[in-house]
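A look at the structure
Next come the chains, spelled out residue by residue.
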Amino acid sequence: SSGINAEYGGLHLPSLTPDSALVNYYRPGDTLSFHQDELEWDLTRPLVSISLGVPGILCVGGMTRSTAPISLLLTHGDAVVLSGASRTAYHAVPRVLETVPALCSHLTPTCGSETRWKGAVEEVERLQPGLARDLCARTRINLSIRQVEKHCTDS
């Protein structure tokens, strides 16, 4: 597959040939403790994180646990790119919210109506009516897309 090389607002991101996705499934109240993602062969390749479902708090610190983290509220459809110094920074999900907070109530999850998921959602609905919509409205799924292996096109 071809690599992804992006530039956004003057920010140049290194090339990425995604070959792996880690799927984290959270229920309200679940947490993920501070950790570093550093097992890939080349840590200069970015990590792309996509949020689906209910909101969660993401904290991103520094290269040591003693660095004070910043907190981000991630809602349905948000994407975060960890690249450069943030690629191996300690990060955590200290809280998954039960419902959409008032400040972002207009972002109520609607994943069941998005065209790209239509076939999968229809199949889940056929097998268990209401399940797909319930999962999107009551749980959080995080897709962490990365390049784990070295590819022949990589230098």
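Residues numbered from 1 in each chain as written. Predicted model: local features only at pLDDT ≥ 70, side-chain atom pairs only at ≥ 80, totals over all residues. Heavy atoms only, no water.

1. Some details on the overall build of the protein
Inclusion rule: What counts as a helix is a DSSP run of H or I of at least four residues, what counts as a strand is a run of E of at least two, and both are numbered from the N terminus. For the exposure calls, accessible area comes from a 1.4 Å probe over protein chains only, and a residue counts as buried if that area is under 20% of its type's maximum, exposed if over 50%, partly exposed in between. Whether two residues are in contact is decided by their heavy atoms: any pair within 4.5 Å suffices. For the area figures, the Shrake-Rupley method with a 1.4 Å probe applies, and any residue is considered shielded solely by the protein chains shown.
Secondary structure summary: the protein contains two helices and 10 strands in total. Along the protein, from the amino end to the carboxyl end, the secondary structure elements read β-β-β-β-β-β-β-β-β-α-α-β. The buried share of the protein, taken over its 155 residues, is 33%. Long-range pairs, those at least 24 residues apart, make up 77% of the contacts in the protein between residues at least 6 apart in sequence. With an accessible surface of roughly 9,300 Å², the protein has 58% of that area assigned to carbon and sulfur atoms.

2. Some remarks on the pattern of salt bridges
Our working rule: Salt bridges are counted wherever a side-chain nitrogen of Lys or Arg sits within 4 Å of a carboxyl oxygen of Asp or Glu.
Counted according to the given criterion, the structure contains four salt bridges. Salt-bridge contacts for R146 lead to D37; the nearest nitrogen and oxygen are separated by 3.9 Å. On the criterion of sequence distance, the pair formed by R146 in strand β10 (residues 140–146) and D37 in the loop between β4 (32–35) and β5 (47–53) is long-range, its members being 109 residues apart. Assessed through its relative accessible area of 13%, D37 is described here as buried. Note that E40 and R87 form a salt bridge whose closest N and O atoms lie 2.7 Å from each other. You can see E40 sitting in the loop between β4 and β5 and its partner R87 sitting in the loop between β8 (79–82) and β9 (91–96), a full 47 residues away along the chain. The burial state of E40 is the same as that of R87; both residues are buried.

3. Section: the side chain of R140
Just so we agree on the cut-off: His is not counted, nor are the chain ends, whereas Lys and Arg count as positive and Asp and Glu as negative. Distance and chemistry together define a polar contact, namely a pair of N or O atoms within 3.5 Å, with one atom able to donate a hydrogen and the other to accept it when in protein, and with adjacent residues in sequence counting only for side-chain atoms on both sides.
Looking at where R140 falls in the secondary structure, it is placed in strand β10. For R140, which is buried and forms no salt bridge, the nearest opposite charge comes from D78, at a distance of 7.2 Å. Of note is the side chain of R140, whose polar atom sits 3.3 Å from the backbone oxygen of V54. Leaving out residues up to four positions away in the same chain, R140 has contacts with N24, Y25, Y26, S51, L52, V54, P55, G56, L74 and V96.

4. Topic: the environment of I70
Tracing the backbone through its elements, the reader meets I70 in strand β7 (residues 70–74). For the pair I70 and L58, spaced 12 residues apart in sequence, the C-alpha to C-alpha distance is 8.2 Å. Not counting chain neighbours up to four residues away, the residues in contact with I70 comprise L58, C59 and V60.

5. Points about the environment of L16
As for its position among the elements, L16 is in the loop between β2 (11–12) and β3 (20–26). Given a relative accessible area of 3%, L16 falls into the buried group. Along the backbone, L16 and R45 are 29 residues apart, and their C-alpha atoms lie at a distance of 5.8 Å.

6. Re the sheet that holds β8
Note the threshold: In this scheme, strands are said to pair when DSSP sees at least two bridges between them. Fitted lines through C-alpha atoms give the axes, limited to the stretch in contact for helices. The angle between two N-to-C directions lies from 0 to 180 degrees.
Taking strand neighbours across the sheet as the criterion, the four strands line up as β3-β10-β5-β8 in an open arrangement whose pairing is antiparallel. In the strand order of this sheet, the two ends are held by β3 and β8, each with one partner. Across the sheet, the axes of successive neighbouring strands diverge by a mean angle of 20 degrees, strand direction being ignored. Of the pairings in the sheet, the one linking β5 to β8 comprises four bridges and is antiparallel in character. Bridge assignment links V48 to a residue of β8, and that residue is V81.

7. Some remarks on the environment of S33
The topology assignment puts S33 in strand β4. With relative accessibility at 56%, the residue S33 sits in the exposed group. Excluding its chain neighbours within four sequence positions, the residues that come into contact with S33 are H91 and A92.

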